[in-house]
Amino acid sequence: MAAVEVEKLTKRFNGFTAVDSLTFRVEEGEIFGLLGPNGAGKSTLIRMLTTLLPPTEGTALVNGYDVFRQQNEVRNCIGVIPQAMTSDLDLSAEENLNIFAKLYGVPRNRRAQVIRELLQAVELEKWANHPVKHLSGGMRRRLEIARGLVHEPKIFFLDEPTTGLDPTSRIAVWEMLVRIKKQRELTILLTTHYMDEADRLCDRIAIVDHGKLVAIDSPMKLKASIPAASFLEVSFSAIPTGWLETLKSLPEVASVTVHDHIFRIASHNGPRTTIELVEAARRAGIEVSSLSVQSTTLDDVFMHYTGRQLRDELQEKTYETSLMPPR
Amino acid sequence: MAIIQRDLLKFFRSPALMMASLIFPLVQLVVLGYAFGGKIKNLKVGVVNQDGGLETVRLREMFGAIAANARTFTTVGYVDPRKALEDLREGRINAVLEIPPDFSRNVLEQHEPQIALIEDNTDNFVTSALEGVFTGLVAAYNQPRVEPRVPGGVSLRVVELYPYVPYIQYLLAGSVVLSIFVSAMIGGGIIFIDDKARGLHEGYLVTPITKFELIMGFTLSGASKAILAGLVLSTLGALLAGIPNPLALARVARLIVVIVVSSMALISMMFLMMVRISDPLVPRAIFGVLNTLLFFPSGAVYPINAFPPWMKAITVIDPFTYAVHAFKSLFLKNTGFIAISGDLIFLTVFTVIMMTFATLLFRRTL
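Just so it is clear, the structure is predicted and the values come from calculations on it, not from any experiment.

### Structural notes on the overall build of chain B
Tallying secondary structure elements over chain B gives 14 helices and 5 strands in all. Taking the principal axes of the C-alpha coordinates as reference, chain B spans close to 90 × 50 × 35 Å. For chain B, buried positions account for 39% of its 366 residues. Taking contacts inside chain B between residues at least 6 apart in sequence as the whole, the part at least 24 apart equals 81%.

Written as C-alpha cells, this is what we have:
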C-alpha cells in the first residue's frame, strides 16, 4: 500500500485553479518532495492531504484513508508542520509539546517519556523549560518537528520546513529529518522551493508549476532526463558577428542562450565543449573574459520542463502569506 | 508626508477600522444621550388597600390619572400585604403603597390620616421619582374641596426597605459584568482571532479532536478567564463599595453561579461573532461599539424605565441587562435564587442559542 495516493486531485477557488488534476503516489518510507515556486499549489495540495481543505475534485488516500470521508483516521496517522511557525511563544518548549500530546490523546503515563525522547531527538533537551520566544528560528523549527511527532505518526507532512532559516540551521534540520525518518520509519512528504533541499533530502521529487505536475522522479533521474549534462556560462572580450550561431555549432552543444552579454551553453559534454569554445575564441581573435562550468541542477530541470528558471519565479513572488496584517 | 500617506492608505483600505472610527462616536452619542436623564416611566406600585372606603376611591382615581398621563407608575392591586412585600423584595414591583384600614374614617374625622409608601430603595433614581410623584399626589389630594373647619390632611410616610444605597454600590453590578465582558472580549475575541491569524488554529485543526471538543475548548478557556475576572472584581468591588456582609457564604455561592452563567453567555456571544472572522482588526474595531451598545442600555448606570422604547427593545435581548439585574439583586438586596431565576434562565437559553449557531458556523477546515 502506498503511503499517499493522489488521483486527479483538483482545488479551485472562485474559478482559479490552484491544484489542477494532480496524480501521484508516495511510497512508504520515502522522503517525497514537492518542488515549485511560490503560488505553484504546493501548500494547497498539502492542506488537502492533511484535511485542512476539502478537494474540489479527485481523490486522495493517506495511509489508505480517504482525506475527505475518513478525516479523523487521516488525522490520527499524520504529523503536520505548517509553513508558519505556530508554537506558542509564551510557553516553554516542553509545555508546547505537552499541549499537543494532550490534543493527540497521548496517554498521561506516556507523555513525559515521549516528550523527553522527542526533545532529545531534536537536541532541545537543554531548552525544554525556556519560553519559545527565547529560541532561535532553527530551534523553533526543530521544536515544531518534535511537536508533529508527538503522537508517533506514520506520515509526516512538512510545508517548507526550512524557509527563513540560515544555511547552518537548514542543514541541521535536514540531518535531523533524515535521522528521525530512519529511527521512526516515517514517510515524509515535504514542500520546498529550495533546489538544494530537494536535491539533498528527497528520494523522489514532483515538480509542480501552476498547479500542475510537470515531472516526477528521483533527483538524479530528473537531472539525467534533460538533454544537457553541463552548463557553461561564458563572456568574451568582444562579440563578433554571427557568434551565437558559431557557438551553437560547436560539438556537444545542446542550446545557447544569451543574456546581458553572458552566454549560457547547455552541453552534453562539458569538458569537450570548453576546449572547443576556447579554440573558437582564439580563431575569432577574441579572448574569453570569464568561464564557469556547472553540472545540471534541479533549476535546469525546472527550466527544461517549464521554460522558466525557478530562482526568477521566487524573486517575482516573495510576499508574506501570513494573515496577520503588516505592522 | 510619507508617514501620513502610509497611515491614510492603511485607514482607507480597512473598512472595519473606518466603520468603527465613524460609527462609534455616533453610537455613543445616541446611546449615552438617551441612557441618562430620561423621565422614569412604567414603574410598578403594589397597592394594598385595607380600607375600601369612599376616600380610597378618590386616591385610586388619582393613581389612574397618573398611569394614563405621566405614566410614571401603574398600580397592581394586592389583598395580602405580605405577598406585596414579598414581590417587592423579589423585584417584581418597585414599591408598595399601603392604605391602612381606618384611612377613610381618619380622613373624614381629620384625624391625621396616613398612607405608607414602602420602597425598594436600591435604585435611587427610581425612589426619587416615586417619592416626587407621591408627594405631589398627596398634596393634590389634600387640596380642599370645601374650606375645612379644622386644619389637617393626609400625610405620606415613606418606608425604605433596605439601608441607604450609595451610587458606588449601585454601579458595582455593572462593573462586575463589564469586567466579565472585557475578559470575554480579550479571551474570546482578540486572542482567538490573533491565534487564528498566526496559524495556531491550523495546528489544532490537524489533530484528531472533534469539532465539539474544539469549540468547547475555545469557549471554556475564554470563560475561565472571564470567571476569574468576575470573581476578583465582585469580591474586591463589594469590599470597596461597602456592601454589607460581602463574604456571606450563601451570597458568595449565588454570586459564583451568576458569574459562571454570565461568563458563558458573554463568551458564547463573542465566539459566535468571531467564528468566521480572521482579520485581527475586527475585534479591536468593534470593542468600543459593542461595549457602549450593551453596557449603557443594561440598567447598569441608570434605570431601564427611563429609556425610550427602541432602547428598551435592546435591553430585552441584551445579556448585560439580565446579568446586571442578577448582580444588583445579590449585592443590594441579598435575594435568593427565586429573585434571579428569570435572569439565570435567560442567560442559559442565550448561551445555548449562541453556542448552537457558533457550532453550525464553525469550520473544521481552513
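Next, the rest of the story.
### Considering the pairing of strand 4 (residues 114-119) of chain B
All names here are of chain B. Pairing of strand 3 (residues 95-99) with strand 4, which is carried by 4 bridges, proceeds in the antiparallel orientation. Paired with Leu97 across the two strands is Leu117, which belongs to strand 4. In this structure, strand 4 lies alongside strand 5 (residues 155-160), joined through 6 bridges in parallel fashion. Following the sheet pairing, Gln114 is matched in strand 5 by Ser155.

### Some details on the domain arrangement of chain A
As far as domains go, chain A holds domain 1 (4-223) and domain 2 (227-295). Placing the centre of domain 1 of chain A and that of domain 2 of chain A at their C-alpha centroids yields a distance of 42 Å.

### Re the packing of helix 7 (residues 167-197) of chain B against helix 9 (residues 211-241) of chain B
All names here are of chain B. As a packed pair, helix 7 and helix 9 sit with axes 8 Å apart at the nearest point and diverge in direction by 155°. Between helix 7 and helix 9, the crossing angle belongs to the class labelled roughly antiparallel. The two elements helix 7 and helix 9 meet at a crossing, and its hand is right-handed. Two secondary-structure elements touch here, helix 7 through Ile168, Gln169, Leu172, Ser175, Val176, Ser179, Ile180, Ser183, Ala184, Gly187, Gly188 and Phe192 and helix 9 through Phe218, Ser221, Gly222, Lys225, Ala226, Ala229, Gly230, Leu233, Ser234, Gly237, Ala238 and Ala241. Across the contact of helix 7 with helix 9, the residue classes break down as 12 nonpolar, 11 polar and 1 charged.

### A closer look at the interface of chain B and chain A
Chain B puts 17 residues into the contact, and the matching count from chain A is 19 residues. Looking at the side of chain B that touches chain A, the element that brings in the most residues is helix 8 (residues 200-205) of chain B, giving 5 residues. For the side of chain B that touches chain A, a count of residues per class yields 10 nonpolar, 5 polar and 2 charged.

### Digging into helix 6 (residues 167-184) of chain A
Along an α-helix, residues three or four apart share an orientation, since each turn contains 3.6 residues. All names here are of chain A. Here helix 6 spans 26 Å end to end across 18 residues, near enough to the 26 Å set by a 1.5 Å rise per residue. Residues of helix 6 that are buried: Arg170, Val173 and Leu177. Down the axis of helix 6, the buried set is contained in an arc of 60°. They therefore lie on one face. Facing away from the buried side of helix 6 by over 90 degrees, the exposed positions are Thr168, Glu175, Arg179, Lys182 and Gln183. Packing partners of the buried residues in helix 6 comprise helix 5 (137-148), strand 8 (187-192) and helix 7 (195-201). Positive phi shows up at Glu185, right after helix 6, with a value of about 55°.

### Regarding the sheet that holds strand 3 (residues 31-35) of chain A
Residue and element names in this part refer to chain A. Strands sit in the order 6-7-8-3-9-10 across an open sheet of 6 strands; the sheet is mixed. At either end of the open sheet lies a strand with only one pairing partner, and these are strand 6 (78-81) and strand 10 (212-217). In this sheet, adjacent strand axes meet at a mean angle of 15° when their direction is disregarded. Strands strand 3, strand 7 (155-159), strand 8 and strand 9 (204-209) of the sheet are contacted by helix 1 (residues 42-49), whose axis makes an angle of about 150° with strand 7.

### A closer look at the packing of helix 5 of chain A against helix 6 of chain A
All names here are of chain A. Following both chains from N to C, one finds helix 5 and helix 6 inclined at 20°, their axes separated by 9 Å at the closest point. Our classification of the angle between helix 5 and helix 6 gives roughly parallel. Once helix 5 is placed against helix 6, the crossing between them reads as right-handed. Of helix 6, the residues touching helix 5 (which contributes Gly137, Gly138, Arg141, Arg142 and Ile145) are Ser169, Ala172, Val173 and Met176. When grouped by side-chain class, the residues that make up the contact of helix 5 with helix 6 number 4 nonpolar, 3 polar and 2 charged.

### Considering the nonpolar core
Counting residues in each nonpolar core, the largest one holds 91 residues, and the members touching the most others are Ala95, Val177, Ile180, Leu266 and Phe327 of chain B. When residues in this core are grouped by element, the largest group, 13 residues, is from helix 10 (residues 249-274) of chain B. Residues lining this core come from more than one domain, with at least three contributed by each of domain 1 (43-160) and domain 2 (166-361) of chain B. For Phe327 of chain B, the residues in contact, after removing those within four places along its chain, are Ala173, Val176, Val177 and Val258 of chain B. In terms of nonpolar packing, the next biggest core, distinct from the first, is built from 71 residues, Leu34, Leu97, Tyr104 and Phe157 of chain A among them.

### A few points about the sheet that holds strand 5 (residues 65-66) of chain A
Residues and elements named next belong to chain A. Reading across from one edge, 2-1-4-5 is the order of the 4 strands in this open sheet, with antiparallel pairing throughout. For this open sheet the edge positions go to strand 2 (16-26) and strand 5, each flanked by a neighbour on one side alone. Direction of pairing for strand 1 (residues 4-13) relative to strand 4 (residues 57-62): antiparallel, over a ladder of 5 bridges. By the bridge assignment, Glu7 is partnered in strand 4 with Thr59.

### Comments concerning the environment of Thr56 of chain A
Residues and elements named next belong to chain A. Along the chain, the position of Thr56 falls in the loop between helix 1 and strand 4. The class of Thr56 is partly exposed, set by 14 C-beta atoms lying within 10 Å. Among residues more than four places away in sequence, those in contact with Thr56 are Thr10, Lys11 and Arg12.

### Thoughts on the environment of Lys196 of chain B
All names here are of chain B. Following the sequence through the fold, Lys196 ends up in helix 7. With 21 C-beta atoms packed within 10 Å, Lys196 lands in the buried category. Put simply, Lys196 and Ala16 are 180 residues apart on the chain and 18 Å apart in space, counted from C-alpha to C-alpha. Setting aside residues no more than four positions away along its own chain, Lys196 makes contact with His201 and Ser278.

Rules used in this analysis
Residues numbered from 1 in each chain as written. Chains lettered and ligands numbered in written order. Predicted model: local features only at pLDDT ≥ 70, side-chain atom pairs only at ≥ 80, totals over all residues. Helix = DSSP H or I, 4+ residues; strand = E, 2+ residues; numbered from the N terminus. Buried ≥ 20, exposed ≤ 12 C-beta atoms within 10 Å, placed from the backbone. Contact = placed C-beta atoms within 7 Å. Pairing = 2+ DSSP bridges. Domains from an automatic or database assignment. Axes fitted to C-alpha atoms, helices over the stretch in contact; angles between N-to-C directions. Parallel < 35°, antiparallel > 145°, perpendicular 65-115°, else oblique. Left-handed = near helix turned anticlockwise from the far one by under 90°. Nonpolar A, V, L, I, M, F, W, Y, C, P; charged D, E, K, R; others polar. Expected span 1.5 Å × (residues − 1). Arc of directions from axis to C-beta. Core = buried A, V, L, I, M, F, W, Y, C linked by C-beta atoms within 7 Å.

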